[in-house]
Amino acid sequence: ERTKAANELIRFDADQVVPLLIDEADSGYIRVRFEVINLLGRFKDERAVPTLVGALKDKSPRVAAMAAWALGQVRSPDGLPALLKYTRDPTVEVRQYVLGALGACHDNELEPVLSDSAYRVVRRALAARKPKWRIAALQSLREYGYRDAAKDVIRLSHDPSAEVRHVAVQALGQIGSGQHALPAPKDLIAPVGDELREEIYQALLVVLDPDELQSIRIKAIRALVQLRDARAIPHIKQRAREGTDKEQLEAQRALDKLHPQPVAKR
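So, here is what we can say about the structure in this document.

Parameters and conventions
- Numbering of residues starts from 1 in each chain and follows the order in which that chain's sequence is written.
- Where local features are concerned, this predicted model is filtered to residues with pLDDT of at least 70; where side-chain atom pairs are given and counted, the filter is 80 or more; whole-chain, interface and lining totals use all residues.
- The basis for every side-chain value is the complete set of non-hydrogen atoms in the structure, without hydrogens or water.
- Stacked, edge-to-face and tilted labels apply to pairs of Phe, Tyr and Trp rings (six-membered ring for Trp) whose centres lie within 6.5 Å, assigned for plane angles under 30 degrees, over 60, and everything in between, in that order.
- Secondary structure counts use DSSP, requiring at least four H or I residues in a row for a helix and at least two E residues in a row for a strand, with both numbered from the N terminus.
- Relative accessibility decides the category of a residue: with a 1.4 Å probe and only protein chains considered, values under 20% of the type maximum give buried, values over 50% give exposed, and everything between is partly exposed.
- We count a charge as sitting over a ring when the NZ of a lysine or the CZ of an arginine lies within 6 Å of the ring centre and within 35 degrees of the ring normal.
- Here, axes are lines fitted to C-alpha atoms. For helices the fit covers the stretch in contact, and angles between N-to-C directions go from 0 to 180 degrees.
- Roughly parallel here means an angle under 35 degrees, roughly antiparallel means over 145, roughly perpendicular means 65 to 115, and every remaining angle is called oblique.
- The contact rule is simple, with two residues in contact once any of their heavy atoms fall within 4.5 Å.
- Three classes are used, and their members are as follows: Ala, Val, Leu, Ile, Met, Phe, Trp, Tyr, Cys and Pro are nonpolar, Asp, Glu, Lys and Arg are charged, and the others, Gly among them, are polar.
- We define a salt bridge as a contact between a side-chain nitrogen of Lys or Arg and a carboxyl oxygen of Asp or Glu at a distance within 4 Å.

## Quick word on the packing of aromatic side chains
Piece 1. According to the stated counting rule, one finds one aromatic pair in the structure shown.
Piece 2. Their ring planes at 55° and their centres at 5.2 Å tell us that Tyr 119 and Tyr 144 sit as a pair that is tilted. Here Tyr 119 is found in helix H8 (residues 112-125), whereas its partner Tyr 144 is found in the loop between helix H9 (131-143) and helix H10 (150-156), with 25 residues between them in sequence.
Piece 3. Using a relative accessible area of 9% as the deciding quantity, one classes Tyr 119 as buried.
Piece 4. Between Arg 95 and the ring centre of Trp 133, over which it is positioned, the NZ or CZ distance is 4.0 Å.

## Comments concerning the packing of helix H11 (residues 162-177) against helix H13 (residues 214-227)
Piece 1. Packing of H11 against H13 brings their axes to within 8 Å, and their N-to-C directions diverge by 5°. Relative to H13, the element H11 is oriented roughly parallel. Facing H11, whose interface residues are Ala 162, Arg 165, His 166, Val 169, Gln 170, Leu 172, Gly 173, Gln 174, Gly 176 and Ser 177, H13 presents Ser 215, Ile 216, Lys 219, Ala 220, Ala 223, Gln 226 and Leu 227.
Piece 2. Looking at the contact of H11 with H13 residue by residue, the class counts come to seven nonpolar, eight polar and two charged.

## Brief notes about the pattern of salt bridges
Piece 1. By the definition in use, this model includes 19 salt bridges.
Piece 2. Residue Glu 212 pairs with Arg 165 through a salt bridge whose shortest N-O separation is 2.9 Å. A residue pair is termed long-range when its members are at least 10 positions apart, and Glu 212 in the loop between helix H12 (194-207) and H13 and Arg 165 in helix H11 qualify at 47 residues. No difference in accessibility class separates Glu 212 from Arg 165, as the two residues are buried.
Piece 3. Arg 239 is paired through a salt bridge with Glu 242; the nearest N and O atoms lie 3.9 Å apart. You can see Arg 239 and its partner Glu 242 sitting in helix H14 (residues 233-242), three residues apart, about one turn around the helix.
Piece 4. The exposure class of Arg 239 is buried, given its relative accessible area of 5%.
Piece 5. Relative accessible area serves as the criterion here: at 48%, Glu 242 is assigned to the partly exposed category.

## Quick notes on the side chain of Glu 247
Piece 1. Secondary-structure assignment places Glu 247 in helix H15 (residues 245-258).
Piece 2. For Glu 247, a relative accessible area of 0% gives the class buried.
Piece 3. For Glu 247, the contacting residues outside a window of four places in its chain are Arg 217, Ile 218, Ile 221 and Arg 239.

Any functional reading would require information beyond the geometric quantities listed.
Here it is, written out as structure tokens:
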């Protein structure tokens, strides 16, 4: 019933609801605090930042993790100092969402020193022992335009975790094309040189291996399209012939984009 009530509250104006939610954030019921923090994140209202910062130390790890997620949704630099205090939290879920929020909350112009501190944490977390932490670091790094981290992302495209490989392959397409999927982050991707672009291209070809998971091969096909490298056409044609039904469909779409057929004249 509380969850249903929360879903109904999101329909109301923030000015009506956010102050009431802030008042309820200290509820003695864990489930109420969890739903309140979740809603404050969904409203993306900066008035909630002090409450969300306070919730990072909630005795319930689920509420604390939700507070980190919510701060990432609000994207306020005011939340960054508090998030940096929890980057070594022993709880897997809390540290995951803290790492994921660092990039969203950083601001090079308003808080350059804190932004750099968060960036260093995110870079180190690319080698963290938990796959969820590595994924969160990749997601935060996107907000930094993958600054100086292309080789790290290439390495993660061969990560033992399929979930990490999935995110890394998508990132390689963004890095190699010099573009982000919308909405664009605060730090745009700098164009890569020919040598690094070639490394990205070769890494994506490796991912097309039939032994790789179908979903990751499909991500690799999409990333190759982003690179706009005609050398990929024979490799994509092979997947169009030999891949699964879904893969063949994706490969054909890719070929249409890389090598469109001329329109016949009437």
